[in-house]
Amino acid sequence: MGEAIRDDHGSAPFRVVIVGGGTAGWMSAAGIRRQLRTEDYAVTLIESDEIGTVGVGEATLPHIKLFNDMLGVDEAQFMRETRATFKLGIQFCNWNQPGDSYIHPFGAFGEPWGGVEFQHHFFRAVQAGRQSFSLQDYSYSVVAARSNAFEFPNEDRKSIRSTYSYAYHFDAGLYAAFLRSWAIERGVHRIEGQVCDVSRHPTTGDLTELTLKSGERIAGDLFIDCSGFRSLLLGKIMGVAWQDWTHWLPCDRALAVPCKRIGALTPYTRATARRAGWTWRIPLQHRTGNGYVFSSQFINDGEARDALLAVLDGAAQGEPRLLRFSPGRRDRAWQGNCVAIGLASGFLEPLESTAIYLIQAAVIDLLRLMPRPGSSADPRLAAEFNRLNDMQYERVRDFLVLHYTSNSRIGEPLWDYVRSMPLPDSLEHKLQLFRSRAALPNHQYGLFARDSWLSVLVGQGIVPTGYDRLADAFTLSTLEEKLIEFRNRIQTNVDAMSAHGAFIADYAQAAEAAASEEAVA
Amino acid sequence: MTAHQPLSRVVVLGRDADLWLCVNAVSRALNSAGVQLVAIELPTRLKPSHVSATLPPLEAFHAKLDIKESSLIRATGGSFSFGHNFVAISARTPNFFHAWGAYGAPIDGSAFFPCWLKATRHGLNIAFQNFCLTAVAAQNGRMLLPDDATSAFGRTDYGYHMQTMAYAGYLKSIAATLGVNMIEAQHVSVEREDNGSIAALIVDGSLRVEGQLFVDATGEDAVLIGQSLAVPCESWRQYFSVDRVLIARAPVFTSIPPFAEIRAAPNGWNALHPNQVATGVVHAYSSGISSDAAALESATAASGAKLADVSYHSVNPSIRSRVWEGNCVAVGGSACVLDPIHDVDLHALQLGLVHLLSLFPVTEQFTVERAEYNRIMRSYYERIRDFQCAFYALSSFDGEFWQQSRDRTVPQPLSHKIATFRARADIAPMEDETFSPDSWQALFTGLGVVPESWPPNIDRISPNRFNEEFRRALEFIKGKVLEQPTHDGYLDSLCRSSAG
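Model, not experiment: these values are computed from the prediction.

All names here are of chain A. Counting buried positions along strand β6 (residues 101-105) gives four out of five residues, so the element sits mostly inside the fold. Pairing analysis gives five bridges linking strand β5 (residues 89-93) to β6, with the strands arranged antiparallel. Paired with I90 across the strands is H104, a residue of β6.

Structure follows, in structure tokens:
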């Protein structure tokens with residue numbers, strides 16, 4: 001086999017310094033600690049208890065399970081500790097017009113027949129007047145979500161019960177805390193403190209050392225900026241410019257407040273369009289997270305607060321907290337030896353629960369492209385990281401803008417504006433393709449998949465005028481039979497599922513949530 | 001549902017495999033949607049020395065057209081090709097095999113390539129290609145018939161080497177069974193609408209053939225999109241030195257290698273495409289450096305055989321500015337002329353057809369489809385071009401031709417890809433790629449590019465695990481290869497059984 005493979009020793013560990021201990025900071029720390037050797041990489045995380053995190057409840061995408069699995073986290077334990085519930089999708093209410101409702105599921109619509117995507121068969125039947133169900137009825141996860149049901153997906157790829165995946169709702173503050181203890185147990189050095197000064201290399205401009213309020217100085221080779229909106233290192237020190245996307249996504253504030261949990265535990269997030277934005281409802285085990293994302297151009301903070309409090313399921317737990325933000329991203333997330341992850345690199349409103357996904361994607365890319373011990377940050381690695389990061393942000397942005405721009409809420413100033421605003425070319429093109437022939441974007445990388453686009457395009461009231469003519473290969477009566485059979489298959493299988501609340505109680509109920517459950521009863 | 005007329009009358013003008021593959025594809029897919037197809041066939045340009053070498057995805061495309069592999073192989077004198085063996089004349093660069101299959105299997109969830117790279121840095125002396133089941137089987141003259149164990153190990157795939165005349169004839173004979181209106185033409189003129197789109201084609205000055213959509217499958221002549229609609233070509237000359245190829249026929253091998261062999265010559269390269277009937281020879285060179293006579297001499301030497309049916313052709317790599325203009329869609333050589341390296345022509349045609357079908361107009365109003373087709377085809381063609389450019393830009397072969405090739409411009413996405421690979425052993429993922437990460441790794445590594453680092457997460461894996469997994473992989477490959485039939489034996493049985 002040739003001579004033995006030796007490991008590289010000799011260079012001192014590469015020092016990674018993370019600034020900020022929210023979800024981004026601890027996901028970065030945990031990812032590095034899980035994937036990279038302690039003798040090669042030393043990880044220090046600086047966080048301050050004085051700087052709060054939002055922590056009212058956060059909705060995720062199914063990718064989070066891959067991250068947790070990578071860490072080797074026990075799902076039930078993680079769910080207990082973060083008060084998590086399962087999430088099969090997002091319900092959008094009133095987005096096209098008041099009274100409307102649709103679910104964007106983490107799952108497929110129908111199945112391809114004759115090598116032709118389902119939506120072409122569906123719209124063919126609609127156009128022929130042979131369709132009595134809505135598109136939503138052809139998604140297993142939509143039907144399950146509407147029934148408040150949950151089961152784990154089946155691993156048999158032929159089963160209809162394999163056609164979906166799931167994510168979680170959890171308390172993001174508790175998730176960060178969960179990852180913090182996971183990472184500290186495995187050698188991440190946590191320092192309580194606030195950065196007050198930053199030293200840079202006189203010629204390269206790279207960051208060299210942080211000084212904390214306590215006077216402690218922390219030197220590093222690579223600095224990960226997880227400082228949130230403040231973008232302490234990448235924005236303030238490295239001076240990487242901000243790209244503002246307010247003209248496409250006008251919402252710039254959010255009010256967040258948890259409330260008492262009432263009623264059945266829904267396995268989906270709800271996003272309800274309002275006069276000046278939208279409200280979220282995120283069911284956790286022990287309470288329900290709520291918030292109003294709004295545009296300060298169209299409503300003031302007080303009116304928004306009243307509107308939010310008026311739509312809660314149960315009693316508010318405290319006064320709503322205000323967050324200010326601007327949508328957009330930094331021109332580059334990685335500059336010199338500074339990489340921003342999370343809100344420090346960009347912000348997109350939580351409409352499609354993409355915040356943690358974007359963190360995760362950045363962490364995974366950084367792990368692949370991390371400078372090696374003994375080397376300095378390589379601009380070639382940064383270029384690849386930035387290319388991937390840009391792609392992720394732009395694809396998510398287009399998908400978010402779609403929810404706004406296609407609406408029939410005529411006469412409401414925010415909604416009138418977004419309906420008529422000029423769109424990014426990349427989105428305009430996708431809309432035209434769907435309108436004319438029910439064609440869906442087909443990317444190999446990044447979010448979102450075809451079925452996601454389909455759910456929102458149709459949900460926002462867009463009706464294609466044509467469909468792929470390859471669908472004509474079936475006779476209409478054969479098509480009708482197939483559609484009915486598929487519908488029946490969904491219903492029969494969903495009927496056999498557990499209630500989501502009962503499933504959680506059985507699988508991953510936190511002790512205190514169980515207690516409050518009794519109190520509710 | 002719509003005020004526009006459904007699009008139902010399609011005219012394909014072309015010749016040879018471009019024409020008949022297009023006719024088969026459109027007719028099969030859209031006959032049931034009521035699309036009427038007229039095929040206008042121009043005189044052939046094929047010679048008995050032409051061999052079509054294909055990429056793996058053609059097999060699945062054929063399957064959609066109900067083309068049976070056994071009858072195809074029999075009809076075309078075809079053989080299987082598991083990849084390209086690059087043989088250098090320079091002693092500095094070892095041979096390498098670019099196979100249509102996976103190189104190694106992941107180790108503890110990590111990609112194989114960086115594991116191999118790290119081990120090599122620490123003294124492992126086993127070539128990358130020796131971990132590729134497909135490559136080893138091919139170099140031992142074997143077939144590779146996938147089973148559960150090989151699928152668990154990794155992808156194995158193949159292309160074909162077919163006599164092009166026979167292939168075109170075979171496709172034509174199938175088209176004849178599909179109810180397509182087939183017209184032979186010596187010459188075609190074009191009748192235009194006031195808005196510039198094509199109204200009809202006039203065949204041999206008399207027969208008028210109307211259509212709503214016209215497909216230009218006339219190859220580099222680009223009779224419709226170029227000669228008539230005058231859509232310009234953007235030259236890719238800055239990237240490629242090859243401007244001429246010699247095509248010829250060498251005798252059939254007594255034992256038919258299941259791969260193509262590309263031999264670097266001082267002033268170009270020479271490819272052998274063996275099949276059951278003959279061995280196709282392509283010699284690519286630059287007319288500024290080699291005369292045709294010198295190329296013939298070089299091709300004869302590189303082929304190690306006397307060449308017959310020798311012909312010479314110009315090569316002008318370029319992309320049509322818009323491959324769909326008005327109501328005319330260009331597929332194959334009329335849309336994009338690619339360099340001859342890596343045998344991509346039929347695949348480029350296939351991509352054009354696949355996307356034409358997936359964007360086939362619903363009605364006569366098809367501006368959206370046209371925009372999308374132009375966007376996506378350019379993207380696909382450019383990624384193929386990048387893979388081709390990489391071969392020339394990174395070559396270390398001796399000779400003026402190779403020096404010139406190295407000195408040429410490198411497209412930006414490729415320079416990014418090379419930089420990422422050099423820095424981190426990573427293949428930057430891009431949309432619309434024809435070639436897999438395995439192919440890129442095989443090419444880069446084969447050309448002697450050694451990354452400066454690997455992803456640090458593989459350092460968690462102990463050296464003993466590497467050794468264990470390498471040994472296991474090599475033993476698996478050895479065992480599997482011995483189980484396989486020989487290529488010759490497999491061809492014999494395939495042709496015998498399907499003849500019966």
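Having put the structure on the table, let's press on.
Moving on, we come to unusual backbone geometry. The step from L447(A) to F448(A) runs through a cis peptide bond, and the omega angle for that step is -10°. Tracing the chain through its elements places F448(A) in the loop between α12 (425-437) and α13 (450-459). Phi is positive for N148(A), which is not a glycine, with a value near 55°. With phi around 50°, D309(B) is a residue other than glycine that occupies positive phi space. One can find D309(B) in strand β18 (residues 308-314).

With 167 residues, the main nonpolar core has L21(B), I40(B), F80(B), W269(B) and F391(B) as its most contacted residues. Tallying contributions element by element places helix α11 (residues 367-393) of chain B first for this core, with twelve residues. What L21(B) contacts, discounting residues up to four positions off in sequence, is L58(B), F61(B), H62(B), L65(B), Y167(B), L171(B), L346(B), L349(B) and L353(B). In terms of nonpolar packing, the next biggest core, distinct from the first, is built from 139 residues, I224(A), A377(A), L381(A) and L427(A) among them.

Before going further, it helps to examine helix α10 (residues 345-358) of chain B. Helix length check: α10(B) (14 residues) gives 20 Å between terminal C-alpha atoms against 20 Å at 1.5 Å per residue, within 8%. For α10(B), the tally of buried residues reaches eleven of 14 residues, placing the bulk of the element in the interior.

This part takes up the sheet that holds strand β20 (residues 328-330) of chain A. Residues and elements named next belong to chain A. The antiparallel open sheet is built from three strands, whose spatial order is β14-β20-β23. Each edge of the sheet is formed by a strand with only one pairing partner; in this case those strands are β14 (242-244) and β23 (346-347). With two bridges connecting them, β20 and β23 associate as antiparallel partners. When the bridges of β23 are listed, R329 appears paired with G346.

Enumeration over the complete set of coordinates arrives at 78 aromatic pairs over all chains. Lying across the ring of W236(B), R385(B) places its NZ or CZ 5.0 Å from the centre.

This paragraph deals with the state of the cysteines. All names here are of chain B. The final tally for this structure, using the stated rule, is zero disulfides over all chains. Between C22, a cysteine without a disulfide, and C328, which holds the nearest cysteine sulfur, the sulfur-to-sulfur distance is 11 Å. Here C233 is not disulfide-linked; the sulfur of C336 is the nearest cysteine sulfur, at 8.7 Å.

Quick look at the interface of chain B and chain A now. Tallying the contact residues gives 50 residues for chain B and 47 residues for chain A. Taking both sides of the interface into account, the surface hidden between chain B and chain A amounts to around 4200 Å²; carbon and sulfur atoms contribute 55%. Residue D426(B) pairs with R368(A) through a salt bridge whose shortest N-O separation is 2.6 Å. Summed over the shared surface of chain B and chain A, the number is 23 residue pairs in polar contact (both at pLDDT 80 or more). At the level of secondary structure, the elements contributing two or more residues to the side of chain B that touches chain A comprise α1 (16-30), α4 (112-121), α10, α11, α13 (412-424) and α15 (463-483) of chain B.

The rules behind the values
- Residues numbered from 1 in each chain as written.
- Chains lettered and ligands numbered in written order.
- Predicted model: local features only at pLDDT ≥ 70, side-chain atom pairs only at ≥ 80, totals over all residues.
- Heavy atoms only, no water.
- Buried < 20%, exposed > 50% of the residue type's maximum accessible area, 1.4 Å probe, protein only.
- Helix = DSSP H or I, 4+ residues; strand = E, 2+ residues; numbered from the N terminus.
- Pairing = 2+ DSSP bridges.
- Core = buried A, V, L, I, M, F, W, Y, C linked by side-chain atoms within 4.5 Å.
- Contact = heavy atoms within 4.5 Å.
- Expected span 1.5 Å × (residues − 1).
- Phe/Tyr/Trp six-rings, centres within 6.5 Å; stacked < 30°, edge-to-face > 60°.
- Lys NZ or Arg CZ within 6 Å of the ring centre and 35° of its normal.
- Disulfide = S-S within 2.5 Å.
- Buried area = accessible area lost by both parts, 1.4 Å probe.
- Salt bridge = Lys/Arg side-chain N within 4 Å of Asp/Glu carboxyl O.
- Polar contact = N/O pair within 3.5 Å; in protein donor to acceptor, adjacent residues only side chain to side chain.

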